[in-house]
Amino acid sequence: MFELLKARILHGYQAIPDPLKAKINQAFPGVPRLSAGADLAALAKCCPVNAISDSGLDLGRCIFCGKCQRLDPEAVSFEADFRLAADSREKLIIRPGQQDYPETSIQTRLPRQFRRSFALRNVSAAGCNACELELGACSNVNFDMGRYGIEVVASPRHADALILTGPISQNMEAALYSTWDAIPGPRFLILSGACAISGGIFAESDKIRRSFASKLTVTLYIPGCPAHPLSIIHGLVTLMRGR
Amino acid sequence: MTNPSCLELPARLNSVAFFEQIRKLCQNGYSPMTLFGSKNRQLFCLLHQGAELKLLNGDFPSTLSFPSLSPQFPSFQILERELYEEQGLVPIGHPWLKPVRHPRGDIYEGYEFFASQSSALHEVGVGPVHAGVIEPGHFRFTCRGEIVEYLEIQLGYQHRGIIRIFEQDDIRDKVSLAECIAGDTAIGHALAYCGIVEALTATPPLGVRIRIIALELERIAMHLAVLSALAGDVAYLLGQNLLAALRTEVINTTLSICGSRFGKRWLCPGGVNYGIPMALAQGIVSNLKKTQNRIRLSCEAMLSEPSVLSRFDDTGKVTAPIASEYGFTGIVAKAAGLKLDSRVDFPLYPQIDFIPCTECSGDVYARAQLRYLEIMQSFDILFMLLKEPLDTKPLSQKPKEIKPDSLAISIVEGYRGRILHLAKTAGDGSTEFYRIVDPSLVNWQALAIAVRGEGISDFPLCNKSFDLSYCGSDL
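As the structure is a prediction and not an experimental result, all values here were calculated from the model.

## Remarks on the pattern of salt bridges
All names here are of chain B.
Then, number 1: If you walk through the whole model with that rule in mind, you get 35 salt bridges over all chains.
Then, number 2: Here Glu216 ties to Arg219 by a salt bridge, and the two come within 3.0 Å at their closest N and O atoms. One end of the pair is Glu216 and the other is Arg219, both in helix 6 (residues 208–233) and 3 residues apart, which spans about a single turn. With respect to burial, Glu216 and Arg219 carry one shared label: buried.
Then, number 3: Between Glu432 and Lys424 there is a salt bridge; the shortest N-O distance is 3.1 Å.
Then, number 4: In this structure Lys424 comes out as buried when scored by relative accessible area, which is 7%.
Then, number 5: Through salt bridges with shared partners, a single ionic network connects Glu216, Arg219, Lys334, Asp341, Arg343, Glu374 and Glu413.

Written out as structure tokens, the structure is:
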């Protein structure tokens, strides 16, 4: 009994006061910056997921392994900024010299009905459990996304959106389509993590089927490997309420 | 043996002698770690008894079939199913031969489940998509009323073809892939993979102590995640919240070192990418001391709470004889009283004087209590290692050339149990095969056994107490 009381007192108040403005540890690799004269060809060679090309660094592929930054810290840096989510695939490509990333990344707004309540149904389609744990952590006492009216629901019938994690294995494709079909409209698709957005490190595997993610309209992309809870919450709340 | 290391390839036996030898070893107390066939039609079997390893090499049987070992040694049941599926070798007499992870045709369905014609029994199917935020898998219960008579677990939904990607291109560039074998064990699998590369290239790693810190941080964090979820499953919400917040403290510590809450990007073949400067180490120690105290208080309170104990006690039992017969490892084996810990048998850092924790009852309580004990033990290891400076440059060295025709094995005690990686290079230095054995592959059967005779409503509790990986076994 006394242990429990002591534990509760030491626990104190754990909720992050404002997850949208939270300060994250400086070690966190968030929004990348490419210097204007970055040697993209050399960087592209070291990238394990082909995220770097002539046009820039693709956040939809990037697994934030830091290899490019360690190779050439002058050319690439990652700011400790978790506001990584975007509303279109094109916006995820960071060009050399680009400085305005999080400001214009989400301009879409959900219809007014979803301003204060948004129910998500997660399907893990071959996710490695890192994205799943981070999505679960969004509901814990620290991040508490319930304060914005966002919750993860058990049945697709109760969901407004499907939040997909994982690159979509051949074996999960049918179950993913049936879950999507069971969600009543209006419904939205959210992709969380590099695997869901682009196939990530599994993009080249012959056991991966990308048709679901490429055929349907995606409302929000949340980069990361895995996507950080603050990135997830920032993306969802911006989508619901605007900036 | 030193771990990781390259093994001498033993003389190749004909297939009859190969299986005969396995039988003989198993009768003498050996237990299989893996059994598989390679592209050039050779069989490999790795067995162990304590720290004693035995590698066998044999030819494919010309009939493409062999007498199944499973009826006599159940620890082979999933290994033979894998072998059947990957190489088409039929284990004659296998009690329930069905695929492990590959689809028949294009859609993954239509598997036969064990069924009873009795009118007193009914079936309950769950999954692949579950109610919570977890990975997919299918559970088929055969119940008498509320009581589970039999559970069949069908996985494979997470199959990403990861082995094939390991075998392509340069084996030295796969650390990010290794971190995704199971994201919750990113450090455990990355460490096992690094060991393989270092053995194959004869590169002694730097920063070994930092690697052990990473591994123990992961163990603490994931055990806390399980304990928190167990509290949630029995509606002990205060415990659930206390422990979830404490896990956040631990994974944020990992983030402060390497930038990822899961320790992704921390390790690399030849060493580590991020060191721990003295100032950071001191901050971490003082923070973790407070965290440890709060974990102690929360766990002591939870594991003496009558409403928790009434659900944990005597639920989901796996006894020691069953655990050793089926070759279970890790938490499952240790909670049943078996002293099986790779940190003793195959130490990566032998300087630590280490006695594995065990429990004896083999139920949900034992597995929860054991996780608590292991957390406390891991803290002791951390504090010991964090005393000295840990950022001496360089932190890593580039792996050298790959030795051709070599077979390397690497064993790590992840938080779930023994992680085994095995790789062989061909004459030109390319990868002939890469094998990954997550403890979950074998341990899933423990869950199926544990729920027999339990109420079906206790299934989530039992499942969480084992906390097995879907993608780790589906690969």
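## What about the environment of Gln369 of chain B?
Residues and elements named next belong to chain B.
Then, number 1: Residue position: Gln369 is located in helix 13 (residues 364–385).
Then, number 2: In sequence terms Gln369 and Leu79 are 290 residues apart; their C-alpha atoms lie 30 Å from each other.
Then, number 3: When residues no more than four places from it in sequence are discounted, the contact partners of Gln369 are Leu303 and Glu359.

## Some remarks on helix 1 (residues 15–27) of chain B
Residue and element names in this part refer to chain B.
Then, number 1: In a regular helix each residue adds 1.5 Å, so 13 residues correspond to 18 Å; helix 1 covers 19 Å between its end C-alpha atoms and thus fits that length.
Then, number 2: Within the sequence span of helix 1, burial applies to Ser15, Phe18, Phe19, Ile22, Arg23, Leu25 and Cys26. The arc that holds the buried residues of helix 1, viewed along the axis, is 165°, so those residues lie on one side. Relative to its buried face, helix 1 has exposed residues pointing more than 90 degrees away, namely Val16 and Gln27.
Then, number 3: Buried residues belonging to helix 1 abut strand 2 (31–37), strand 3 (42–49), strand 4 (52–59) and strand 5 (65–67).

## Points about helix 6 (residues 173–181) of chain A
All names here are of chain A.
Then, number 1: Restricting attention to buried positions, one finds in helix 6 the residues Ala175, Leu176, Thr179 and Trp180. The buried residues of helix 6 occupy an angular sector of 135° when the element is viewed end-on, so they sit on one face.
Then, number 2: Close packing links the buried residues of helix 6 with strand 6 (118–124), strand 8 (161–165), strand 9 (188–192) and helix 8 (211–215).

## A look at the layout of surface pockets
Then, number 1: Of the voids in this model, the largest pocket is the one considered here, and its volume is about 1400 Å³.
Then, number 2: Surrounding the largest pocket, 47 residues form its lining, Gly132, Val133, Ile134, Ala229 and Lys464 of chain B being those nearest its centre.
Then, number 3: Of all elements in the fold, only helix 5 (130–137) of chain A together with strand 8 (138–144), helix 6, helix 7 (237–258) and helix 15 (459–466) of chain B reach the threshold of two or more residues within the lining of the largest pocket.
Then, number 4: The element best represented in the lining of the largest pocket is helix 6 of chain B, accounting for 7 residues.
Then, number 5: The residue inventory of the lining of the largest pocket, partitioned by class, reads 26 nonpolar, 12 polar and 9 charged.
Then, number 6: As a volume, the second largest pocket reaches approximately 630 Å³.
Then, number 7: Lining the second largest pocket are 22 residues; nearest its centre among them are Lys67 of chain A together with Arg172, Asp173, Cys268 and Pro269 of chain B.
Then, number 8: Among the elements of the structure, helix 3 (67–71) of chain A together with helix 4 (175–179) and strand 10 (267–268) of chain B are those that each provide at least two residues to the lining of the second largest pocket.
Then, number 9: Here the lining of the second largest pocket is built from residues that sort into 9 nonpolar, 4 polar and 9 charged.

## So, the side chain of Asn140 of chain A
Then, number 1: Its place among the elements puts Asn140 of chain A in the loop between helix 5 and strand 7 (150–152).
Then, number 2: Judged by relative accessible area, Asn140 of chain A falls into the buried class, the value being 13%.
Then, number 3: At 2.9 Å, the side chain of Asn140 of chain A forms a polar contact with the backbone nitrogen of Asn142 of chain A.
Then, number 4: Separated by 3.2 Å, the side chain of Asn140 of chain A and the backbone nitrogen of Phe143 of chain A make a polar contact.
Then, number 5: With near-sequence residues (within four places) excluded, Asn140 of chain A lies in contact with Ala244 and Thr248 of chain B.

Conventions and cut-offs
- Residues numbered from 1 in each chain as written.
- Chains lettered and ligands numbered in written order.
- Predicted model: local features only at pLDDT ≥ 70, side-chain atom pairs only at ≥ 80, totals over all residues.
- Heavy atoms only, no water.
- Salt bridge = Lys/Arg side-chain N within 4 Å of Asp/Glu carboxyl O.
- Helix = DSSP H or I, 4+ residues; strand = E, 2+ residues; numbered from the N terminus.
- Buried < 20%, exposed > 50% of the residue type's maximum accessible area, 1.4 Å probe, protein only.
- Contact = heavy atoms within 4.5 Å.
- Expected span 1.5 Å × (residues − 1).
- Arc of directions from axis to C-beta.
- 1 Å grid on protein atoms, 1.4 Å probe; cavity = no way out; pocket = protein on both sides within 12 Å on 5 of 7 lines; lining within 4 Å.
- Points joined across faces, edges and corners; volume = space filled by probe spheres on them.
- Nonpolar A, V, L, I, M, F, W, Y, C, P; charged D, E, K, R; others polar.
- Polar contact = N/O pair within 3.5 Å; in protein donor to acceptor, adjacent residues only side chain to side chain.

Shape is all these values report; function is a separate question.
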